[in-house]
Structure formats: structure tokens, C-alpha cells
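Descriptive analysis of the structure
One-letter residues, chain by chain:
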Amino acid sequence: MMIGSHSAKHTFATFKKKTTHIQRQLGRHSYMVTRTINLEKKPLIGDKNGGGGSSAALEHGAMGNSPAMSTTLNDDSSQQSSIGYSIDAGNEETGQLISRRTLNTAAGVFAPVALSQFSSLLFLRIGYLIGNGGLLVSLALLLGCYFILILTVLSICAISTNGAIEGGGAYFMISRTLGPEMGGAIGLVFYIANVFSCALYTSGCVEGILQGITSATSGPVNATIVPHGNETIPLEFNGYQIYGIAIGINLTLLCICIIGANFFGKCTNFFFLAVSCIAILTLIALLAQNPITIPYAHSLHSSELNLSKVAGNFTGPSIATLKSNLYEHYTIDYNNGKQINAMTLFSVLFSGVTGITNGANMSGELRNPGYSIPRGTLLALSFTFCMYCLLFVATACSTATDVLQYNYVFMGYVSFWMPLVYVGIALATLCASLSNMIGASRILRAVADDRVFGNLFNFLSWGCTRNNNNSSSSGGCSRCLTHNEFLGPLLLTFVLSAGLLAIGDMNSIAPYTCVFFLLSYAMINLSCMMLSWAAAPNFRPQFKHFSLISCGLGLLSTVVVMLLLSVLAAFICIVVFGILLFCLYLYHLKHPSAEIQWGSVAQAVLFHTVRKYLLKLDFRREHVKFWRPHLLLLVANPRTACPLIDFLNDLKKSGIYILGHVMVSEKSPCDLSEEYNRWQELVDHLKVKAFVSVTESSSLRAGALQMVRVTGLGALKPNTVVLGFRDAAHPNDFLTMAGSRYMLRPSKSIPSNWHPIRDRKGADDDASPARDRLPERLSLHDYVGLLNDILRAGKNLALCRHFDALNKEHIIRRRNQPVRYIDVWPINFMCPETSTLDDTASLFTLQLGTILNMVKFWSKNTKYRVFLIEPFEWPRDFLTEQQAKIKETLASVRMNAEIVSVPWKAPPKTNNQLEGVTVQSASQTSQGIHDASNFSSALTSSSSSSSGGRGGDVTGEQLTRLTAPYLDDVNSALRTHGTAAAVTLLNVSPPPLDVSKYQAYIDALTIITDGIGPCVMVHGVSKVTTTML
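No experiment lies behind these values; they were computed from the predicted model shown.

**Considerations on the overall build of the chain**
- Scanning the chain from terminus to terminus reveals 33 helices and 18 strands.
- Taken over 1029 residues, the chain has a buried fraction of 55%.
- Of the roughly 44,900 Å² that the chain leaves accessible, carbon and sulfur atoms contribute 58%.

The structure is reproduced here in C-alpha cells:
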């Protein structure tokens, strides 16, 4: 490369102009170069027909003194175009850059996939298949294997053309689709599969070399790797010598991989041409050679066959020979003495054609992955399928059945030169092993770079200077070692494969290798199926020849084949994968990272499914039998409401739960995404199953009413609105308070200044000025008015007080501790003359208590009891009759509760107004409930004044009767009978419509609930129980 003297700015403009012109000239086959000097490396989607190829990266080259620099960009079609351009080097750091992606379709995808599909199957197993299964069964099995592979390839093509593909191949596709947990687990499994396959193919290469040497001297002899044996095998090769040959081959492959992907591409092209030529020569020999006699092979199990002959005939093309080889003739395998059947043939055939991802594994070195992966893989499958079909037919019509059954290397005798076939075996397996080694290193490098396993694979970078350069381009051997980011993964792969070769028995790990590959293929099909099912707008691959059905069939077929090959191997591999997935899930749950949040298609599928069924959920068909609480909690300050948020998470009982918050702002609407994220962090921290709804309004009341009306979707709208009670209690910050079970850990991302606690001293009503960034507080008028607004909207209402005193640790039932209770008071003390046990508000209160008692924590640690009022004037017989009716009523709606009767006297009928009643009046009055006036007529009769406006409304006259002594009596009764209560539920009247009575209403509720512990004041407006089946 020569660096000219033009300015960088002028040269870049010239380069961009020329690139645009050349793209127009090349059309659909153009290769886009969009990455320039000093630009951040980012993946780009390829051209329209090229799919999702990544743009070329530039790397450092050698300095020169010529006035211009040129480079050649080859497209991935049959045409190649040279593009010349010059770039001025402003300094040594920004000059001398060349492309890292050097492989085209032929060298990077087609040749590796084709050679992996050939492997040792091409020359060693065709006779085994035809001799036992016959031509028809063998072709059917071949067609079935390739059909399964094509289904997976279609999924690979779809994903690879949907966006930029970086290094890692199948791991990259799965992790970016199914998320880091699934991707990391399958990535490591896929790496193990490639390591195992590398060792297997190296073993086959050694066997081909030894048999070739033997056949050149005295005829073919079987050779196996037995590294720990002391005995010798033919030609004086003992186990240690064979193991040394295997290590030497592996070392050669390691050197090729270290030199770089460019050299790997040249080697695969050479190997592919050599193997293809040998296969074609063998095909010609099968059709053109004269008839000869071929001896049977010798093995340890040959004597068990009791053969009457020791040789068979090669007849050349013959109709009679073809007819004899059409149908199956299953016999015993002379290598292992086991009976052969159709399933055995399928296992052998499918195990030899699992290299369809070898091209995708090189995605980081491909010039245009989105173009090369689909075309190269499909072309390789087509070519190898045709070659297999031709060899199957030629073998069936030219070689006798007994020769095919008892000499699997018969092609060596038929070929023009006997060692030629063994050279083909060695070259095919050598390239397959090479593809697995370099592919494994790319997968492991991608897993390590993504830090899916944290710092586990950091050691792979020791001793290497990481950069984005192709180490094979320049710099010599030292540069290959110090600037090769794949050196660590390559060395680890070499060591692991050498260890596997030391085992000696490669056949024992072959099923696990195949199952690991199939598991990866299943995940690829699952990824594409879920992407297609989710129907996300951004899933629009350039490759269109796939469907949801093809992905589903691919997934199903790979799982079935896994089980057919080996149930034990499938079980072990799935267990290993499950353990990895579980560990990764726990790790990422504990150590979340924003860098690997690539998005999971599971979320898209969930959205698609939820939307589909949400549209079918019709609120007009709701029935009271299936009523459940849908809660909306309006939260002013989340720091002070943690116990209440936790409590309502129990009360929702499989209903929806929404945390609502209103932000007051006089300015124009702003982006609330950051606020949403913090609220979601709080939800995760509190471990509650709740949605978040945040809105912005000019006033709290308007914003809260807006939220009440619009929160929810379709039939999933809240039916009950919950608010905290408006009092002067000092708030507690449960997120920072020492000893709080809700205290935030330092690692949480909620800032300390988020919703700080405001000082309520003197901050009542409208007197306190608003403070920036502090939660607003509703005035008394707005607070009570909001309660009326909620009821007008048709929502049930609940007011919660004293939940800062709720501590679940104290509720847990322990030995020698009193039992805690869920107390429900269904009679409305504020309006007793209109309150009955079977009215809507009372039944709603009872329903909430029953639901809370159904929750596991509360049912295990508390008991449920209902308090009923007994006027003193009731006769004993009448009292017994009323108790029986009450029990019958509760039983009819299936509420199992302990009934507690409380003697009671009525409030006096007086015209005194509830003026001047303060919260302190409860402590100033010590009269008990037995000091009150007669009240029996209030429960047994209905006066004209009992008709509240909305059913149970507290009118002005009724508020007048709520004198301080009566309210103190009610409070005293609640405290006397509720000493063991964990939580108390009260049935209360709705607020008055008269604005002048707002203060009296709040004061009455304040006196009633003073000092009784966590309390929920409830007013229900909807029917929630039924006696229907």
C-alpha cells in the first residue's frame, strides 16, 4: 500500500464519490465499504439483496512511499471488481488500514461446508449404506437427512439476512435472538461440539493416511488410534506413534489457523478442489473400470460371519447388479459385530453431514455474511447432495452386494490408483477438522468478548494485544502471535482436542458430538420460529424462502433425531445445557449488565400472545363469579409507602396491580422514561408483581382522576382505587431506614435524592408553598373531592392508614406467641341504620378479608374473624336467630371466618354538630361502649333519613349524630377487640357531597382509626359475591 500526499478531507470525499459510483455499477452484487479511518466500529446492514452483511473493517498495514494506495474489493458473485482509491495518512495512527474481512463465499462458506458434508462419509460409508440398505432405502435416508438439514439452513439464512452478523456464527444468531442466557449456554455447547468434531475428524484423517500408506504397499488394512496400548498394529505403527501423528496433524491445523483466515480460505479452496477431483475420478472409475475381484476386509469380527468366500466381484455398470442392490440386505457389521438396521444406517449417515454451520462460524471474516452464508451453504448442500446421489447410483449398479457389505473401502480397489481414495479421505477429514478448529475459536472468542460468563474467559487474552486487525496480513510470525485475538481460543481448542485424542476411543464420543450439534440446530430453528411468530416489524430478512411451519418442522425434526441417535447422549447433553442455562440465568439476574442487553425474542412473543388474547378478553362478558380485585394504588412518595405496596401485592390475589404516580408540573410535558425506569427498579427491588403508571399534570387532583379513568387496557382496568390516608403522621423513609426489610442496597440504581421526604410541619392544606422536585400533597378539599371523583367513576374505594407499622416479620407465627388476626368489621359505624351484612359495601369488605386470608402467607400465619354488633335490647332468642342467619349468609358465599359478637349501644340523637372535633378528642374521652345511649332501633328500623344519596352516603344529619363520645366509643371498641389484629378492614361511608362537611368526615375517620394498627377503610360500589354455582 502506498500513501499519497493529498489532504485527508479531499481524499475521503473522492473515495466516497467513487464508492457510490461503483455501487451503482455493480448493482445487487456490490460490496459496500462504509467504515473509514478513526470511525467507531459498528455493524451495518448490507445491501438490499445482500442481506445483513457487516461493513468491512480497516486495519493497519505497512507503510510505503508511493503516491497512491489501492485495494481490491471482491464481491460475492462470480464477478469481481477492482476499486482504486487513495487515502491520505494524516499520521501513522490513521493510515495503513486494510480490510479485516477477507473471505468470500467460495473460500469462507461453500468449501468448508461442502468438505464437512463429505468428511469420511464420501469414501468410507457409501458401500456400507448401499450394501445393507439398498439403493432405494439409502436414497430415502439421504433425502430425509438433507430435508432436516435444509429446514435448519433456511432458518440460518433468514436470521443471517436480517441484520449485521458479527463473529460467532450460530452463537451470535442465537444470543441476539434468545438473549444472553440462552445464547451463552448454547454457545458453550456449540464450542464443545466443534472441539469434539475436530478430534473425530483428526482421527479419521490419521486413519486415511495410515490406510493409504498400507494400501500402497500391501493392500488396505484397518488402523485405529489406541494411544495407551503397547501392542502394535500393521506396518509397525503402535498406539503412541499414531497418537503422535494425530498431534502433528492438529499442530499443523493450529499453525494454519494462527496464520489467519485468509490462509485458511486458500487451504480450503485447495482441499475442496482436490477432494472434488478425487470424487469425480472415483465416479468415473465406478462407471468405466473393467470387472475385477475385490477381497473382503479383515477385522476382529470377520471370523464370526462364517463366510464361504473371501472376495467378491466388481462388475461395472450392470442392470443385474443394480437390481440386486435396489432393496435392503441387512447383515452384521464386520467392524463391531453388531446387527445393522435402518436406524443404524440413518445414524451413520446423519452423523456425517452435520457441518452446515461451518460457514456461518466464519461470519466475522466474511466480506458480506448476509450474502455469503445463505448462498454458500445452500450451494454446498446442493452440490454434496448431487454428488452423493451420483455415487450411490454408480455404486449400486457396479459393485456386488457382498463386496459392499464386507469391504467398506472398496473404492480403493476400483479407483485408478489405490492410495488416491485414502488421500481423499485424509484431505476431506483434514479440512473438516480445520473448519471445526477455527470455527470453535471464533465461537469462544465471541462468547468471551460478550462477557456472557463474566470474567471466566478473560485468560484467553493473556499475552495478546487485542485489535481488530487480520494478523495474517503483515508483520510476520511475531505479529501473528502478539496481535492475534484468536490465539488464546485456538490454543485452548488445540489442548482440548489433543486430550480427546488421547482417549483413543473416538466412537464413544461420536453420539455426543452429533447431539450437541443437533441441539444447536434446534435452538437456531427455535430462534427463527419465535422471530417469525412474534411478527416484529423489524424482522424482515432478505431471504424469504422460510415460514413458521418450516422453522417448527426443523425444530421438531432435530429433537426427534437427537432421541433416535442416542437417548442417553440426548439426555446428558440436555442436562448439561440446562445446568449452563440455569447458572447463566442466576448470574445475569444477580449481575445485570447494560452491555449485553441485546433484547430477547421471548418478550416479543409474549407481547404478541398477550395482545392476541387481550383482544379476546371482553369486559362486556364479565361475570361476578369470576370477579377479582384489580388494584390501582395512588402513591405520592414511594419511600414512605413500601409496606403498603407490599401488602397490596398480597391483596391483589391474581388480579392486576398498578402503582400510579402523578408528577405536578406547570411546564410543557416532558419525557418520563427515566422516572418510569426508577419506578420499575423499585418494583423489582420490592419484588412485587405490579405495573407502573406515571403521568404529569398541572394539579394532583386532575392528574389522579385522569389516571383513575385511563389506566389499564381493554378489560384489564382497575376496579378498586387505593389511597393513603391524609393525616399528620410523620413519614418514614423505608428505603434508607436502618433495619427496614425494604432498605436499598448500594448497587441499586435509584438515586438518594429521588422523591425525598418533605417536612409536613405547617404544610397543611394550601398554606405550604410547593417545592421543586418534592412530592406534592393534596389539600383537604382536593383530597375528599378526589374520593368523590373515584366513586363517581364507578370504582371501589380503599383508604389505608398506619401501614408504616406493618411488619411481616412480627406476623409470622412462632411458638409461644399469640395468634394474629385479620379483623373485618362489615357494619358501617358512620351510618349503622342503613348498613346490613348483605349490602354491597359490607360484602365487598368481607370479600377483601376473605381474599387476603386465601394468600399463603396470611392463611399460614393469621386467622380470619368477622365482628358483628349485638344491641343490648335484643332478646336472647332473637339474638340467637340473628347469629344463625349471619352464619348462613357467610356460608352461602363460602366465607370461612370466626364470628365474634360485640355488645353495642346506639349513638344519641342530637343536633350537635361535629365541630371542633379533633384527633386528640379520642384521648380526652374515656367512656366505654356501655355508656352510650340506646341504639337497637337504628339497626332494626329504617327511617326517612337513612337514604343516603349513593347508597350508604353519610348525610349532614348523620354526621351531626357522630359526636365525639360516640366516635371515641367506636375507636375504643376497635382497639379493645383488635389488640391481636395484624390488619383491620372497616366498612365506611363515602364522603359527603357537601363541601362544608369535608373536614368533619376526615376528622371522624381519624378518630375512629386512631391507634388501631394497619387499617383499610373500604367502600364498595360493585357486586363481588354470588351464591351461583
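**Concerning the environment of Ile869**
- Following the sequence through the fold, Ile869 ends up in strand S15 (residues 862-871).
- What makes Ile869 buried here is its relative accessible area of 10%.
- Sequence separation of Ile869 and Ile827 is 42 residues, and the distance between their C-alpha atoms is 7.6 Å.

**Describing helix H22 (residues 673-686)**
- Between its first and last C-alpha atoms H22 spans 20 Å; for 14 residues at 1.5 Å apiece the expected length is 20 Å, and the two agree.
- Along H22, the positions that sit buried rather than exposed are Glu675, Trp679, Leu682, Val683, His685 and Leu686. Here the buried residues of H22 occupy an arc of 165° about the axis, which is enough to place them on one side.
- Looking at the buried residues of H22, the elements they touch are helix H21 (642-651), strand S10 (657-664) and strand S11 (691-697).
- Directly beyond the C-terminal end of H22, a positive phi value near 60° is found at Lys687.

**A look at the sheet that holds strand S13 (residues 796-801)**
- The strand order across the open sheet built from ten strands is S11-S10-S9-S12-S13-S18-S17-S14-S15-S16, with neighbouring strands paired in mixed fashion. With one partner strand each, in any of the chains shown, S11 and strand S16 (898-904) form the two edges of the open sheet. If you compare each strand with its neighbour and ignore which way they point, the axes differ by 25° on average.
- Relative to strand S17 (residues 981-987), strand S14 (residues 820-825) is paired through five bridges, and the arrangement is parallel. Paired with Ile822 across the two strands is Val983, which belongs to S17.

**Let's talk about unusual backbone geometry**
- Of note, the phi angle at Lys653 is positive, near 45°, even though the residue is not glycine.
- Turning to its location among the elements, Lys653 is positioned in the loop between H21 and S10.
- A relative accessible area of 32% places Lys653 in the partly exposed class.
- Even without glycine at this site, Lys687 takes up a positive phi of about 60°.
- Assignment of secondary structure puts Lys687 in the loop between H22 and S11.
- Residue classification places Lys687 among the exposed residues on the basis of a relative accessible area of 73%.

**Comments concerning a nonpolar patch on the surface**
- The grouping of Leu568, Phe571, Ile572, Val575, Val576 and Ile579 at the surface amounts to a nonpolar patch, some 520 Å² of accessible area in total.
- Within the fold, Ile579 resides in helix H19 (residues 567-590).

**So, the packing of aromatic side chains**
- As enumerated under the stated definition, the model contains 25 aromatic pairs in all.
- With 5.7 Å between their ring centres and 50° between their planes, Trp825 and Phe829 make a pair best called tilted. The exposure classification of Trp825 matches that of Phe829, with both residues buried.
- Grouping aromatic residues by their ring pairs yields a cluster made of Phe110, Phe118, Phe272, Phe383, Tyr388 and Phe392.
- Cation over ring: Arg442 sits above Phe486, and NZ or CZ is 3.7 Å from the ring centre.
- Above the face of the Tyr821 ring, Arg865 is positioned so that its terminal group lies 3.9 Å from the ring centre.

**Here we look at the packing of helix H4 (residues 126-160) against helix H10 (residues 342-351)**
- Contact geometry for H4 and H10: axes closest at 9 Å, N-to-C directions at 55°. Relative to H10, the element H4 is oriented oblique. The interaxial crossing formed by H4 with H10 has right-handed handedness. Contacts from Tyr128, Leu129, Asn132, Gly133, Leu141, Leu142, Cys145, Ile148 and Leu149 of H4 reach H10 at Ala342, Thr344, Leu345, Phe346, Val348, Leu349 and Phe350.

**Here's the deal with the packing of helix H17 (residues 510-534) against H19**
- H19 packs onto H17 with a crossing angle of 55° between their chain directions and a minimal axis gap of 9 Å. Classified by the interaxial angle, the pair formed by H17 and H19 is oblique. When you trace H17 past H19, the crossing you get is right-handed. In this structure, H17 contributes Pro511, Tyr512, Val515, Phe516, Leu519 and Met523 to the contact, and H19 contributes Leu568, Ala569, Ala570, Ile572, Cys573 and Phe577.

**Regarding the nonpolar core**
- One finds Leu122, Phe123, Phe350, Tyr388 and Met523 to be the most contacted residues of the largest nonpolar core, which totals 166 residues.
- Residues Leu651, Leu744, Val855 and Tyr864 belong to the second largest nonpolar core, which totals 58 residues.

**A closer look at the confidence of the model for the chain**
- Averaged over the chain, the pLDDT score is 76; the fraction of residues at 70 or greater is 75%.
- In the predicted structure, residues 761-774 sits below a pLDDT of 50 and forms 18 contacts with residues beyond four places in sequence or in another chain.
- A low-confidence stretch, residues 910-949 (pLDDT under 50), is modelled with 76 contacts involving residues beyond four sequence positions or located in other chains.

**Looking at the environment of Pro180**
- Topologically, Pro180 is positioned in helix H6 (residues 180-217).
- Assessed through its relative accessible area of 9%, Pro180 is described here as buried.
- In this structure the C-alpha to C-alpha distance between Pro180 and Ile596, which are 416 residues apart in sequence, comes to 6.8 Å.

**Focus: the pattern of salt bridges**
- This model, assessed by the stated rule, comprises 15 salt bridges.
- The salt bridge involving Lys808 is made with Asp646; its shortest N-O contact spans 3.6 Å. On the criterion of sequence distance, the pair formed by Lys808 in helix H25 (residues 808-811) and Asp646 in helix H21 is long-range, its members being 162 residues apart.
- Counted as one network, the salt bridges with shared partners bring together Asp646, Asp650, Arg741 and Lys808.

**Re the state of the cysteines**
- Enumeration according to the criterion identifies zero disulfides in this entry.
- Cysteine Cys198 remains unbridged, with the sulfur of Cys257 as its closest cysteine sulfur at 8.1 Å.
- Under the relative-accessibility criterion, Cys198 is labelled buried at 0%.

**Some thoughts on the pairing of S11**
- Of all seven residues making up S11, six are buried, and the element is well covered by its neighbours.
- Relative to S11, S10 runs parallel, the two being bridged by seven bridges. Note that in S11 the partner of Met663 across the bridge is Glu696.
- Note that the unit made of S10, H22 and S11 has a crossover that is right-handed.

**A word on the pairing of strand S18 (residues 1015-1019)**
- With five of its five residues buried, S18 lies for the most part within the structure.
- Bridging between S17 and S18 involves four bridges; their strand directions are parallel. Bridge pairing in S18 links Asn987 to Val1018.
- In this fold, the crossover linking S17 to S18 by way of helix H33 (residues 998-1009) has right-handed handedness.

Cut-offs used in this document
- Residues numbered from 1 in each chain as written.
- Predicted model: local features only at pLDDT ≥ 70, side-chain atom pairs only at ≥ 80, totals over all residues.
- Heavy atoms only, no water.
- Helix = DSSP H or I, 4+ residues; strand = E, 2+ residues; numbered from the N terminus.
- Buried < 20%, exposed > 50% of the residue type's maximum accessible area, 1.4 Å probe, protein only.
- Areas by Shrake-Rupley, 256 points an atom, 1.4 Å probe, with all protein chains shown as cover.
- Expected span 1.5 Å × (residues − 1).
- Arc of directions from axis to C-beta.
- Contact = heavy atoms within 4.5 Å.
- Pairing = 2+ DSSP bridges.
- Axes fitted to C-alpha atoms, helices over the stretch in contact; angles between N-to-C directions.
- Patch = residues over 30% accessible without salt bridge, like charges linked within 9 Å, V, L, I, M, F, W, Y side chains within 5 Å.
- Salt bridge = Lys/Arg side-chain N within 4 Å of Asp/Glu carboxyl O.
- Phe/Tyr/Trp six-rings, centres within 6.5 Å; stacked < 30°, edge-to-face > 60°.
- Lys NZ or Arg CZ within 6 Å of the ring centre and 35° of its normal.
- Parallel < 35°, antiparallel > 145°, perpendicular 65-115°, else oblique.
- Left-handed = near helix turned anticlockwise from the far one by under 90°.
- Core = buried A, V, L, I, M, F, W, Y, C linked by side-chain atoms within 4.5 Å.
- pLDDT = per-residue confidence, 0-100.
- Disulfide = S-S within 2.5 Å.
- Right-handed = clockwise from strand over helix to strand, strands pointing away.

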